[in-house]
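Coordinate inspection notes
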Amino acid sequence: MTEMTRRSFLKTTAGVAAMGAAVPILSGGWPQLLAAEKPGYFEREFGISDALCRKVLAAALARGGDFADLYFEHTIGNWIILEDGQVNRAFSDVALGVGIRTVKGDQVGYGFTQELSEKSMLNAAAIAATIASGVRTKPAGKFSWLETKNYYPLEKLLTAVALEAKLPLVQKLNEKCFALSPLVVKVTANFHDQQKRILVVDSQGGKAEDLQPRDYLTALVVAEKDGRREQAGWNLGGRRDFSYFNQNAIDEIAAKAVHDALLLFDAVQPPAGEMPVVFAPGVTAILLHEAIGHGMEADFNRKKTSTYCTMIGKKVAEPFITIIDDGTIPNLLGSINFDDEGTPGQRTVLVENGILKSYMHDKISARFYKLKPTGNGRRESYQHYVQPRMRNTIMLAGAASAEDIIRGAQKGIYVQNVSNGQVNIGEGDFAFYVSQGRMIENGKLTATIKDINIMGNGPKMLQDITMVGNDLELHQGGTGACGKGGQSVPVGFGQPSCLVKSLTVGGVKS
């Protein structure tokens, strides 16, 4: 790839974004980016100076407001998909633009543009300013860089990894899956890498710049036996350096996907009804995220649509349960050096020893509750406004062994993976599809189960957890994305084994 001038680059990327079309995969080029580990990427590459930011912020506060901020984004994503033994899709996308926000109380004015010219940004700022109708507010005279830790260092920029280095990942994964069983008839392997650069500048003088990697390798396996087909998939990833995707990662993904697909040939449906449910460690924490975590996001509580809106300082679980939301765990998908408002990444204790301690706050909710923001202000892209969102939501380990928990259930089901759920976010009512699990009979794991739903209420489920294991496992996947308010953001989660004394299981009549 030949080197572009900034002007020609802006013209190209803005055109791509406007069309929303796939372009040939980008790799091994982008010479500008090779020097971009130094601070000041957006000024160096796109001419975003402090003087220009002050001018745009002043326009955003031209009719007053509590504060305003600018969110610059430049994201490059690549996909390689192998199916039927061949790489039949490889494409890239580029996002470039700025979102401009004016905040007045709990009201938000928002404008965005794909064009980083002064005129276009001032037009977007004028749209954001319409939320206020008071006296002009003046932005800070100078900006100070936010100093943060780096929870996802890279040995090499993902945009500097050549396509030739990525292709063997999906090819080897395909070969490994077929080699593990003659019953495997189809494999779809997918590698995705994304490099997102952001710059946040606010009217109070804050300035922060970050490079957020995201990548994953996945396999979806279809196996056939006696004319019947079953499928299962697995992935590894997060905010990883490319070197993470080595032969060990390929072997782990292939082994898990093939093993899970073959298990389903022997699966049965359990009896329906109310019964104890044991959740396996790791990926089942998606239910913790969906059915419980959302209820602790501050906007739902500020608007009094969450069960937890009057529960700060009160018991919501047994004393052996502690839940955190942590943006500082290296390389996990939900980790962030700072959030999309420029608040440093941090560890927030939500429930401590069974007592609700905190909600997850952005700047708006923190002002409402007269607290400091917790670093949970996140957005999908420069085209979206900020909301309180989870990062890595985790139930910490307890004291029980997994064997004791299963024995404690006596008769019920053991859930190993869930998918395709529906949640009433504020109240926490949920129905989730169990894609893999086991029966529990006489305190022991027995037959494999599949194709059932579990239903309940998240806050009630949290109260009904009677045992927590000592086997905390953080999900190491890279595909997890949380949807809220029409936006999707990457998140992580984890938990130990735990026993819920009763949930509704939609199996067969006994």
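Worth saying up front: this structure is predicted, and the values here are computed from it rather than measured. (Residues numbered from 1 in each chain as written. Predicted model: local features only at pLDDT ≥ 70, side-chain atom pairs only at ≥ 80, totals over all residues. Heavy atoms only, no water.)

In this section: the overall build of the protein chain. A count of helical and extended segments in the protein chain gives 11 helices and 24 strands. Its C-alpha radius of gyration of 24 Å places the protein chain within 12% of the 24 Å reference for a compact globule of 510 residues. Its C-alpha atoms give the protein chain principal-axis dimensions of about 70 × 55 × 35 Å. Within the protein chain, the fraction of its 510 residues that count as buried is 55%. Long-range pairs, those at least 24 residues apart, make up 75% of the contacts in the protein chain between residues at least 6 apart in sequence. Of the roughly 20,700 Å² that the protein chain leaves accessible, carbon and sulfur atoms contribute 51%. Put simply, the protein chain has 55 plus and 53 minus side-chain charges, and the middle of one group is 6 Å from the middle of the other. (Helix = DSSP H or I, 4+ residues; strand = E, 2+ residues; numbered from the N terminus. Rg over C-alpha atoms; globule rule 2.2 N^0.38 Å. Buried < 20%, exposed > 50% of the residue type's maximum accessible area, 1.4 Å probe, protein only. Contact = heavy atoms within 4.5 Å. Areas by Shrake-Rupley, 256 points an atom, 1.4 Å probe, with all protein chains shown as cover. Lys, Arg positive; Asp, Glu negative; His and termini not counted. Charge placed at Lys NZ, Arg CZ, Asp CG, Glu CD.)

In total, this model carries 12 aromatic pairs according to the counting rule given. With a centroid separation of 5.2 Å and an interplanar angle of 80 degrees, the aromatic rings of Phe191 and Phe245 are classed as edge-to-face. Linking Phe191 in strand S5 (residues 184-202) with Phe245 in the loop between strand S7 (228-238) and helix H6 (247-263), this pair joins segments that are 54 residues apart in sequence. Classification of Phe191 by relative accessible area gives buried; the value is 1%. With relative accessibility at 5%, the residue Phe245 sits in the buried group. Taken together, the ring pairs in this structure connect Tyr41, Phe42, Phe46 and Phe72 into an aromatic cluster. (Phe/Tyr/Trp six-rings, centres within 6.5 Å; stacked < 30°, edge-to-face > 60°.)

Turning to the nonpolar core, a few remarks are in order. With 71 residues, the main nonpolar core has Leu173, Leu217, Phe279, Met296, Ile413, Ile454 and Leu462 as its most contacted residues. Broken down by element, the residue count for this core peaks at 7 residues, all from H6. When near neighbours in sequence (up to four residues on either side) are disregarded, Leu462 contacts Ile292, Met296, Tyr308, Val316, Ala317, Ile321 and Ile323. Counting 25 residues, the second largest nonpolar core, distinct from the first, contains Val56, Leu61, Leu116 and Leu199. (Core = buried A, V, L, I, M, F, W, Y, C linked by side-chain atoms within 4.5 Å.)

Another point: helix H5 (residues 163-180). An α-helical turn contains 3.6 residues, so any two residues separated by three or four positions project in the same direction. Taking 1.5 Å per residue, 18 residues should reach 26 Å; H5 reaches 27 Å between its end C-alpha atoms and fits that length. Here H5 has its buried residues at Lys166, Leu169, Val170, Leu173, Asn174 and Cys177. Angular distribution of buried residues about the axis of H5 spans 115 degrees; they occupy a single face of the element. Projecting away from the buried face of H5 at angles above 90 degrees are the exposed residues Glu164, Glu175 and Ala179. Packed against the buried residues of H5 are strand S1 (67-83), strand S2 (86-104), S5, strand S6 (206-225) and H6. (Expected span 1.5 Å × (residues − 1). Arc of directions from axis to C-beta.)

With that settled, consider the pattern of salt bridges. Scanning the entire structure with this criterion turns up 25 salt bridges. The partner of Asp50 in a salt bridge is Lys207, and the shortest N-O contact between them spans 2.4 Å. Here Lys207 lies in strand S6 and Asp50 lies in helix H3 (residues 50-60), a separation of 157 residues in the sequence. Here Glu224 ties to Arg229 by a salt bridge, and the two come within 2.7 Å at their closest N and O atoms. The class of Glu224 is partly exposed, set by a relative accessible area of 30%. (Salt bridge = Lys/Arg side-chain N within 4 Å of Asp/Glu carboxyl O.)

Turning to the pairing of strand S22 (residues 487-490), a few remarks are in order. Direction of pairing for strand S21 (residues 481-484) relative to S22: antiparallel, over a ladder of 4 bridges. Its bridge partner lying in S22, Gly483 is registered against Ser488. Between S21 and the antiparallel strand that follows it, S22, lie 2 residues; Gly485 among them carries a positive phi value of about 60 degrees. (Pairing = 2+ DSSP bridges.)

With 92% of its residues at a pLDDT of 70 or more, the protein chain shows a mean pLDDT of 91. Below a pLDDT of 50 lies the segment residues 1-24, which in the model reaches 30 contacts outside its immediate sequence neighbourhood of four places, other chains included. (pLDDT = per-residue confidence, 0-100.)

Moving on: the side chain of Ser497. Structurally, the position occupied by Ser497 is in the loop between strand S23 (492-495) and strand S24 (498-505). For Ser497, a relative accessible area of 1% translates into the label buried. Side-chain polar atoms of Ser497 contact the side chain of Asp471, separated by 2.7 Å. (Polar contact = N/O pair within 3.5 Å; in protein donor to acceptor, adjacent residues only side chain to side chain.)

Further remarks concern the sheet that holds strand S20 (residues 473-474). Sheet architecture is open: 6 strands sit in the order S11-S10-S9-S14-S23-S20, paired in mixed fashion. The sheet terminates laterally at strand S11 (355-356) and S20, the two strands that pair on one side only. Pairing geometry for strand S10 (residues 347-352) and S11, over 2 bridges, is antiparallel. Looking at S11, one finds that Glu352 is bridged to Ile355.

Here we come to the packing of H5 against H6. The interhelical angle for the contact between H5 and H6, taken along N-to-C directions, is 45 degrees, at an axis separation of 9 Å. Classified by the angle their axes make, H5 and H6 are oblique. The two elements H5 and H6 meet at a crossing, and its hand is right-handed. Every residue of H6 that contacts H5 at Leu169, Lys172, Leu173, Lys176, Cys177 and Leu180 is listed here: Gln247, Ile250, Asp251, Ile253, Ala254, Ala255 and Val258. Tallied by class, residues from the contact of H5 with H6 come to 9 nonpolar, 1 polar and 3 charged. (Axes fitted to C-alpha atoms, helices over the stretch in contact; angles between N-to-C directions. Parallel < 35°, antiparallel > 145°, perpendicular 65-115°, else oblique. Left-handed = near helix turned anticlockwise from the far one by under 90°. Nonpolar A, V, L, I, M, F, W, Y, C, P; charged D, E, K, R; others polar.)

For the rest of this paragraph, the subject is the pairing of S24. Across 6 bridges, the pairing between strand S8 (residues 273-279) and S24 is antiparallel. Along S24, the bridge assignment pairs Gly273 with Val505. Pairing of strand S18 (residues 452-457) with S24 involves 2 bridges; the strand directions are antiparallel. What sits directly across from Met455, in S24, is Thr504. Pairing of strand S19 (residues 465-468) with S24, which is carried by 3 bridges, proceeds in the antiparallel orientation. Within S24, the residue paired with Met467 across the bridge is Leu499.

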